[in-house]
Amino acid sequence: MSLIRPYGDTTGDGMVQLSFTLPIEHSKVAEGAAVQLANKMGMDPALVVHAKPMGEGFTFFVVYGRVNHLVDPSTVEVVERDYPLLTPKEANAAIKRSMRRRLVVVGGCIGTDAHTVGIDAILNIKGFAGEKGLEYYRELKVVNLGAQVSVPQLVEAAREEKADAVLVSQVVTQRDAHLLNTREMSAAFREAYPAARRPLLVVGGPRFDETMAGELGVDRVFSRGTTPGEVASFIVHRLTGPRPSAEEIAS
Amino acid sequence: MARTTSALGIDRADVRRARTLARQVGKPIVDLAQHHTTVSVERATLRLAGLGGADPDGTPWVNRLADVVRADVGLEHGVSLPVWDALARGEGDDLLTLAQKAAAGSITFRVPEGKDAKRASAAARKAVGAGIKQIDRQRVAREKMIAKVGDAPSKPWIYLIVATGDIHEDIPQAQAAAREGADVIAVIRSTGQSLLDFVPEGATREGFAGTYATQENFRLMRAALDETSRELGRYVRLTNYASGLCMPEIAALAGLERLDMMLNDSMYGILFRDINPIRTFVDQRFSRQVHARAGIIINTGEDNYLTTADAIEAAHTVTTSQLLNEYFAKEAGLEDWQLGLGHAFEIDPEVPDSFRLELAHAMLARELFPDAPLKWMPPTRHMTGDIFKGYLLDGFFNLVGALTGQGILLVGMMTEAVVTPWISDRDLALQNVRYVMNAAGKLHEDFRPAPDGFIAGRAREVLGEAIGLLEEIKADRSVPGEPPLLSAIADGTFGLMKRPADKGKGLEGVARKAADYYNPATEILEEK
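Because the structure is a prediction, the values reported are computed rather than measured.

## Focus: the overall build of chain B
Across its full length, chain B carries 19 helices and eleven strands. Here chain B has a C-alpha radius of gyration of 23 Å; the compact-globule value for 528 residues is 24 Å, and the two agree. In terms of overall dimensions, chain B has C-alpha extents of about 70 × 55 × 40 Å along its principal axes. Burial analysis of chain B (528 residues in total) assigns 58% to the buried set. Excluding contacts between residues fewer than 6 apart, the proportion of contacts in chain B whose partners are at least 24 apart in sequence is 76%.

Here it is as structure tokens:
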């Protein structure tokens, strides 16, 4: 893939828009300061198209300009989906064929996080983005523990329900709570289960970085915009397919 | 707007039928609430009598004292008789000393009888009465201040949120928001406070996605907004949350510290926080009695139904909940002007006619509750991170607000679901509100939906479904001997969440009242 730059209305024009606030009263100096910031960010020329005082001692700017940076898509690292997307019907069939029983999914929001919107979008039958939630899958038994579940409660529920997969949602990210909670959770499961029997650990939330699974000690991280179908497909793929080879684990 | 005829072609008899059903469904719950008390109701009573502060571990003295009383004599008599009996017996000079000694294990409580009981109840009534007088004084202080500095200049009141986690950061942000045009400031609580069975103490600087509700935080913020109100020449109202396990205590603290509005929903804690239904209904009734006395406007939480269920399919659950909230509120002594009944703009913008549907739902709420301020909540579910589209959606939300005379308008942020609002987000959001109000604020004078048109038809349809749901609830006998509403909540009638009456958080803090139960706060609050 070739190098690219932003597109305004002509190939190669490099045009971007940017808005920000500076802690300074509105004046010509303030507008100059805005241009200076834009220049330092690689915008040249930079045009302040809008400047407005906001509150006492603040000015809001909208800046348009050309950036001189190039980007190289071939060097971008992303987690590509490494499993096939299944319809609910296909997922049910795969579970039936390989497990001969319902696959148990236990989910909840851990820590003090009370935002169930994420876990509900994935688990509730209502679903998200036009896809039905996991409760809709006949061969999935879904136990939604809801909000503010402590890690010991989650482990306990996973044992009690003989969970095959555990889904954790984290929306609140103040002071990296989502990362701390996830590490605590994965450590607890490691302690409570022998490695071969540990349920699949899946964590999701709008602010997670999908490349962090290894670092967080979980099997998969899902970020913004993940749909129930993707989660279901991943779980089914990992739990009903052939165990990943050593090479796949290493990669 | 003319009241005598319905702009939506709604039959008056249907409205009466809906209210009658809400009363029939709500009454058994009120009976249940009257026959129970909770640890938080008892602790709120101690707070009204002036017991504050916490032990070195941060456990409030009201918790320490109430726990010992309960261990000695149970909760079913209330804490007032045992506590003021102990004081009369000279076990402590005041409540604080008594609480400290009780915590140290040097006092044994008893339930006084005969003359001793009379002496204890009289002393308890005097002590708790002083707290209620303080609430009365704060109500007068609010009225005086509004008369002196002026009120919010127009409706709807512009409602903005601060949520830094640190009260000393919240204060300048709240003052800045007021200067930018906010009529109401809400300090979002720390995530998780609703499930704490105690009220944290003192000024707090650490919270998750919000700031702890404490008496000291209330006091600091109210004092700061008083200063800003004088500076701006309009009274800036302060809002917090009387919800969760400590609803009655927070209501008492709000009254004592002159908060002006409180989030207080009859079923939110049950459905969305898995708090035990009986605990919630008992706590809710007490907290509403306190709010009524304090002149506080409550905001109910119907918007939450639409964040989990589909906003079209579940529209009638909003209406049903509004009717129930109204019944419970009025039973507890609140007046129409104190009912900020909630609803929200949450229909998927991809749905054809979504704006007409929103307008129909909002007009229905306005027509059913003509004298209530109504709280209009902005889109959250379909705010995707596309801030440009979100800004437009917020504009349409504001337009519905203008067309339906909303009393309280929570300002929508285009960066909803992206960041906690930046200073520029708030300014842009307020510009959006001002543009719409300036351009179309009086459009409701000209606008009448066609009587047989889509909007009027949809409003009638939703009311019909709400009546149907109330009838279904009334007939619910799935748990014999229980109020039908409890059975319905256990069935998952609301928001698909099943919440049985014998489950949920805080159940262990509920007790059925004994024959000699005494609570001076309830007694005084029910006198008027």
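## Things to note about the sheet that holds strand E3 (residues 184-187) of chain B
Here we have nine strands laid out as an open sheet, ordered E7-E6-E5-E4-E3-E2-E10-E9-E8 (chain B), and parallel in their pairing. The strands lining the two open edges of the sheet, one partner per strand, are strand E7 (339-340) and strand E8 (342-344) of chain B.

## Brief notes about the domain arrangement of chain A
Parsing chain A into structural domains produces domain 1 (15-73) and domain 2 (88-250). Domain 1 of chain A and domain 2 of chain A are separated by 42 Å when their C-alpha centres are compared.

## Here we look at the interface of chain A and chain B
Residue-level contacts link 19 residues of chain A with 20 residues of chain B. Secondary structure elements with two or more residues in the side of chain A that touches chain B: strand E1 (15-22) and helix H3 (117-123) of chain A. Of the residues that constitute the side of chain A that touches chain B, the class distribution is eight nonpolar, eight polar and three charged.

## Observations regarding the nonpolar core
Within soluble globular proteins, side chains that are nonpolar generally end up buried alongside one another. Counting 174 residues, the largest nonpolar core has Leu 65, Tyr 159, Ile 185, Ile 250, Ala 254, Met 262 and Ala 459 of chain B as its most contacted members. For this core, the leading source of residues is helix H17 (residues 454-474) of chain B, giving ten residues. Shared between two domains, this core takes at least three residues from each, and those domains are domain 1 (1-35 + 246-409 + 451-510) and domain 2 (36-128) of chain B. Among the nonpolar cores identified, the runner-up in size contains 44 residues, and Val 142, Leu 145, Ala 163 and Ile 235 of chain A belong to it.

## Quick look at unusual backbone geometry
The omega angle of the peptide bond from Asp 44 of chain A to Pro 45 of chain A is 0 degrees, so this bond is cis rather than trans. Considering the arrangement of structural elements, one finds Pro 45 of chain A in strand E2 (residues 43-53). Despite not being glycine, Arg 100 of chain A has its phi angle at roughly 60 degrees, a positive value. With respect to the element layout, Arg 100 of chain A can be found in the loop between helix H2 (88-99) and strand E4 (103-109). Overall, Arg 100 of chain A belongs to the exposed group, with 7 C-beta atoms counted inside 10 Å. Even without being a glycine, Leu 374 of chain B presents a positive backbone phi close to 60 degrees.

## Concerning the pairing of E4 of chain A
All names here are of chain A. Of all the seven residues making up E4, six are buried; the element is thus mostly covered by neighbouring parts of the structure. As paired elements, E4 and strand E5 (residues 140-144) share five bridges and run parallel to each other. Following the sheet pairing, Gly 107 is matched in E5 by Asn 144.

About the thresholds
Residues numbered from 1 in each chain as written. Chains lettered and ligands numbered in written order. Predicted model: local features only at pLDDT ≥ 70, side-chain atom pairs only at ≥ 80, totals over all residues. Helix = DSSP H or I, 4+ residues; strand = E, 2+ residues; numbered from the N terminus. Rg over C-alpha atoms; globule rule 2.2 N^0.38 Å. Buried ≥ 20, exposed ≤ 12 C-beta atoms within 10 Å, placed from the backbone. Contact = placed C-beta atoms within 7 Å. Pairing = 2+ DSSP bridges. Domains from an automatic or database assignment. Nonpolar A, V, L, I, M, F, W, Y, C, P; charged D, E, K, R; others polar. Core = buried A, V, L, I, M, F, W, Y, C linked by C-beta atoms within 7 Å.

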